[in-house]
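Working through the structure, step by step
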Amino acid sequence: MFFKYDAKNGIKVPEPFNRVITPIMTTDTASDPIDFSIHMTEWAPGAKVDNHMNQDSTEAMFCLSGHGKASVNDEVFDFEPMTMICALPGEMHQIINTGDELLKVLCIFSPAVSGEDLSNRARNAVEAYKKEHPEEG
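In what follows, the accompanying structure is described. (Residues numbered from 1 in each chain as written. Predicted model: local features only at pLDDT ≥ 70, side-chain atom pairs only at ≥ 80, totals over all residues. Heavy atoms only, no water.)

**Overview of the packing of aromatic side chains**
Evaluation of the coordinates by the stated rule reveals one aromatic pair. Centre to centre, the rings of Phe-17 and Tyr-129 are 5.6 Å apart; their planes meet at 70°, and the pair counts as edge-to-face. With Phe-17 in the loop between strand 1 (11-13) and strand 2 (19-25) and Tyr-129 in helix 1 (residues 115-132), this residue pair connects regions lying 112 residues apart in the sequence. The class for Phe-17 is buried, based on a relative accessible area of 2%. (Phe/Tyr/Trp six-rings, centres within 6.5 Å; stacked < 30°, edge-to-face > 60°. Helix = DSSP H or I, 4+ residues; strand = E, 2+ residues; numbered from the N terminus. Buried < 20%, exposed > 50% of the residue type's maximum accessible area, 1.4 Å probe, protein only.)

**So, the sheet that holds strand 6 (residues 75-79)**
Strand order in this open sheet of three strands is 6-5-8, and the pairing throughout is antiparallel. At either end of the open sheet lies a strand with only one pairing partner, and these are strand 6 and strand 8 (93-97). Taken pair by pair, the neighbouring strands of this sheet meet at an average axis angle of 20°, ignoring direction. By the bridge criterion, five bridges tie strand 5 (residues 68-72) to strand 8 in an arrangement that is antiparallel. (Pairing = 2+ DSSP bridges. Axes fitted to C-alpha atoms, helices over the stretch in contact; angles between N-to-C directions.)

**Considerations on unusual backbone geometry**
The omega torsion of the bond from Glu-15 to Pro-16 falls at 15°, within 30 degrees of zero and hence cis. Its location among the elements puts Pro-16 in the loop between strand 1 and strand 2. At the junction of Ser-110 and Pro-111, the peptide bond is cis and its omega measures out at 0° in the coordinates. Counting through the fold element by element, Pro-111 comes out in the loop between strand 9 (103-110) and helix 1.

**A short note on the pattern of salt bridges**
Any two side chains of opposite charge can pair, on the condition that their charged atoms come close. Here the structure, examined in full by the defined rule, presents five salt bridges. In this structure, Lys-104 engages Glu-42 in a salt bridge whose closest nitrogen and oxygen atoms are separated by 3.8 Å. One end of the pair, Lys-104, is in strand 9; the other, Glu-42, is in strand 3 (residues 37-43), and 62 residues separate them in sequence. The exposure class of Lys-104 is partly exposed, given its relative accessible area of 31%. For Arg-123, the salt bridge identified is with Glu-127, shortest N-O distance 3.8 Å. A residue pair is termed a helical-turn pair when its members lie 3 or 4 positions apart in one helix, as Arg-123 and Glu-127 do in helix 1 at four residues. With relative accessibility at 42%, the residue Glu-127 sits in the partly exposed group. (Salt bridge = Lys/Arg side-chain N within 4 Å of Asp/Glu carboxyl O.)

Below, the structure is given as structure tokens:
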């Protein structure tokens, strides 16, 4: 199988998380069954992902460029190129872009997820945040 990053496939996640998730190798782009999936997530300066957990999957997140803070179970790390965090099923984790440039992170899920699943997870996180913070619009 061959896969190529294509920004045209990006899933735009609105405020407050302001990021783009681009599926690369997912269950809906692979021609054969796969055990893991890969996507790129790009955060604008100041953007973040909600502090969340994945119930049934392990997620490894490898920083390619930019700078931020990453946490796993409330332990905070400087997140910069050539560093990685890994969250096992049920572990809370979050990434925040604290730099002044795009934060690019390669994310690997095992077992594999689909692009549709990534989109649904992001949409649900935005909706939950807006319910918890109605004053922000």
